[in-house]
Amino acid sequence: MIDALPEKGVAGEQVLAELRELRGGDLPTHGGRLFAYVYDPAVDGLDELARAAYAVSAQVNGLDPTAFPSLLAMENALVGAAARLLGGDRETVGSVTSGGTESLILAVKAARDANPRITNPRLVVPSTAHAAFAKAAHYLRVELDVVPVHDLLADPPAMAAAIGPDTVLVAASAPSYAHGVVDPVPEIAAIAAERGVRFHVDACFGGWVLPYLRRLGVDLPAFDLSVPGVTSISVDLHKYAYAPKGVSVLLHRNEELRLPQYFAYAGWPGYTMINPVISSTRSGGPIAAAVATLRSIGDAGYLDLAAKTREAVSILADAVTATDGVRLYAPAETSVVCLASDGVDLFVLADELAARGWHTQPQMAYADLPPTIHLTVTASVRATAPQFAADLTAAAEAARARGPIELPPLPPLTPEMITPALIAELAEGLGLGGGDFSQMAAVNSLLNAAPPALREALLTGFLSLLQRPVTQ
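The model shown is predicted, which means the values in this text are computed figures rather than measured ones.

Conventions used here
- Each chain carries its own residue numbering, running from 1 in the direction its sequence is written.
- Reporting in this predicted model follows two pLDDT cut-offs: at least 70 for local features of residues, and 80 or more for side-chain atom pairs to be given and counted; totals over whole chains, interfaces and linings ignore these cut-offs and use all residues.
- To obtain the side-chain values, all non-hydrogen atoms of the structure were used and water was disregarded.
- Every helix listed is a DSSP run of H or I at least four residues long, and every strand listed is a run of E at least two residues long, numbered separately from the N terminus.
- Only C-alpha atoms enter the radius of gyration, while the globule expectation follows 2.2 Å times N to the 0.38, with N the number of residues.
- Only four residue types enter the charge count, namely Lys and Arg as positive and Asp and Glu as negative; His and the chain termini do not.
- Here the site of a charge means NZ on Lys, CZ on Arg, CG on Asp, or CD on Glu.
- With a 1.4 Å probe rolled over the protein chains alone, any residue whose accessible area is under 20% of its type maximum counts as buried; one over 50% counts as exposed, and the rest are partly exposed.
- Think of it this way: DSSP has to see at least two bridges between two strands before they count as a pair.
- It is the directions from the helix axis to the C-beta atoms that the arc portrays.
- Contacts were defined at the residue level, with two residues in contact if any of their heavy atoms lie within 4.5 Å.
- For this analysis, a salt bridge means a side-chain nitrogen from Lys or Arg found within 4 Å of a carboxyl oxygen belonging to Asp or Glu.
- Centres within 6.5 Å make a pair out of two Phe, Tyr or Trp rings, where for Trp the six-membered ring is used; the pair is then stacked when the planes are under 30 degrees apart, edge-to-face when over 60, and tilted otherwise.
- Working definition of a nonpolar core: buried Ala, Val, Leu, Ile, Met, Phe, Trp, Tyr and Cys residues. They are joined through side-chain atoms within 4.5 Å.
- Here a polar contact is recorded for every N or O atom pair within 3.5 Å, except that within protein the pair must consist of a potential hydrogen donor and a potential acceptor, and residues adjacent in sequence are included only if both atoms are side-chain atoms.
- The crossover handedness rule: strands pointing away from the viewer, path from first strand over the helix to second strand clockwise, crossover right-handed.

(A) Region of interest: the overall build of the protein. Regarding its fold elements, the protein presents 15 helices and 13 strands. For the protein, the C-alpha radius of gyration of 23 Å lies close to 23 Å, the compact-globule estimate for 472 residues. The dimensions of the protein, computed from C-alpha atoms along their principal axes, are 65 × 60 × 50 Å. A gap of 5 Å separates the mean positions of the 32 positive and 49 negative side-chain charges of the protein.

(B) Region of interest: the pairing of strand S1 (residues 93–97). Counting buried residues in S1 gives five out of five residues, a clear majority hidden from the surface. Burial of the side chains of S1 extends over both faces: Val 93, Ser 95 and Thr 97 are buried on one face and Gly 94 and Val 96 on the other. Note: S1 against strand S7 (residues 248–252), five bridges, orientation antiparallel. Paired with Thr 97 across the two strands is Ser 248, which belongs to S7.

(C) Broad picture of helix H5 (residues 131–140). Buried within H5 are the following residues: Ala 132, Phe 133, Ala 136, Ala 137 and Leu 140. Along H5, the residues classed as buried sweep out an arc of 145° about the axis, all on the same side. Among the exposed residues of H5, those pointing more than 90 degrees away from its buried face are Ala 131, His 138 and Tyr 139. Each element contacted by the buried residues of H5 is listed here: helix H4 (100–113), strand S2 (122–126), strand S3 (143–147), strand S4 (167–173) and strand S5 (198–202).

(D) Structural view of the pattern of salt bridges. By the definition in use, this model includes 12 salt bridges. A salt bridge links Glu 311 to Arg 382; the shortest N-O distance between them is 2.8 Å. Taken together, the residues span a long stretch of sequence, with Glu 311 in helix H10 (residues 285–322) and Arg 382 in helix H12 (residues 381–402) at a distance of 71 residues. Put simply, Lys 109, Arg 112 and Asp 113 are held in one network by salt bridges that share partners.

(E) Structural view of the packing of aromatic side chains. Scanning all chains against the criterion turns up 11 aromatic pairs. Judged by centre distance (6.0 Å) and plane angle (65°), the ring pair of Phe 205 and Tyr 240 falls under edge-to-face. One end of the pair, Phe 205, is in the loop between S5 and helix H8 (210–215); the other, Tyr 240, is in the loop between strand S6 (232–236) and S7, with 35 residues separating them in the sequence. Residues Phe 205 and Tyr 240 agree in their burial class; the two are buried.

(F) Representation of the nonpolar core within the structure. Counting residues in hydrophobic clusters, the biggest one holds 72 residues, and the most contacted among them are Leu 78, Phe 199, Trp 208, Phe 223, Leu 237, Leu 251 and Tyr 302. Take this core: its biggest share by element is nine residues, from H10.

(G) Region of interest: the side chain of His 374. Note that His 374 resides in strand S13 (residues 372–376). For His 374, a relative accessible area of 0% puts it in the buried group. Separated by 2.6 Å, the side chains of His 374 and Thr 376 make a polar contact.

(H) The pairing of S4, seen in detail. Counting buried residues in S4 gives seven out of seven residues, a clear majority hidden from the surface. Across three bridges, S2 lies against S4 in parallel orientation. Note on S4: the bridge partner recorded for Arg 122 is Thr 167. In this structure, S4 lies alongside S5, joined through five bridges in parallel fashion. For Ser 173, the partnering residue across the bridge sits in S5 and is Asp 202. Following the chain from S4 across helix H7 (residues 185–195) to the adjacent parallel S5, one finds a crossover that is right-handed.

What follows is the structure in structure tokens.
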């Protein structure tokens, strides 16, 4: 247990030693064996540079750019770089946010507030759109219209049919997170433009690598601001730009489109609050670290990292195709390898891979889509991909020998029945009471069997169980 407020201060070296000991229990953020959450280019010295740059501006506050013009210059530089990469021009403007979710919330806010006469604004997204759109709709009281996809891609005719007089924004993915496929952006953009509706491209996940993959000859559709009808696009720099966590960019085609994104308030006796993003006070540390990362790697460096990523994707996809019991679920055309079962229990397979040092991301069934395993592939995976191929075969054989998870009979549950006491009982029964999350097949099988609303309630309860301080 950590006492964050001891009676007397603790020496700095001891504090750092304690933090390092805690970090020892985390999944590896480097080494090409974690296929979610982190993005590793395997570039020597980059971490040290980013940390030093972070320290330079850690105490700088982005609340007032007139007080700290250094941060304004850095933000404009990042927006300019993203605009050049993603088809922008002299009219393109943007904002630096804390991450993809904030970028998407702000895109929805700008669209909603640009239409004040619409009292019941609506957002149209394909069913493969990131869950952050649902979060934005929930926070901003915008109705969410989810349109079924066709062959994992947004369906332009179905999207067109969903657009109504109250629609303020249409969105698509480039690529979708779950499967790594690029929606037909030009077709949807044309529909949105014809209807006079804003169209946002969520390129948060892979937007920084897609332009380089296209330069390498990968056949991908146009997706950015070069496409007529695209009014905004978002890209996370802490993903394939390999910057430290906490930096995304939201671009708008022009300043008029961006203005409704801002929040201003002068109706109190303090300073007039004016914010382009959700946060007021913002540390300059992540922004400085992002600038240092981009300048250090450079355009040619990102092209090389994309080539390594593409090679790794090819090796992993070939391994899946060659392994009995699994199959590719989606074309491995971007930076994602998505596999489905062809005879083995995927959740058992994920545990078997974890036992061999490979940490994947199981995805639950949704509508008529089966459960899958998602692999986010980064440049660092190029060095480890050949070993993964051998371990995947061994893990599949072990999963086949273990057989599928057989859940015990469960009482019928509804979200309203989920209580802290029930969650604690379930966690103990599933072996999670001690905080060991290495064997998750039974847990994932239970979640997979639950309807989405019940799954949400179960996971909310479990996270609440974890996020409780130990009291003395």
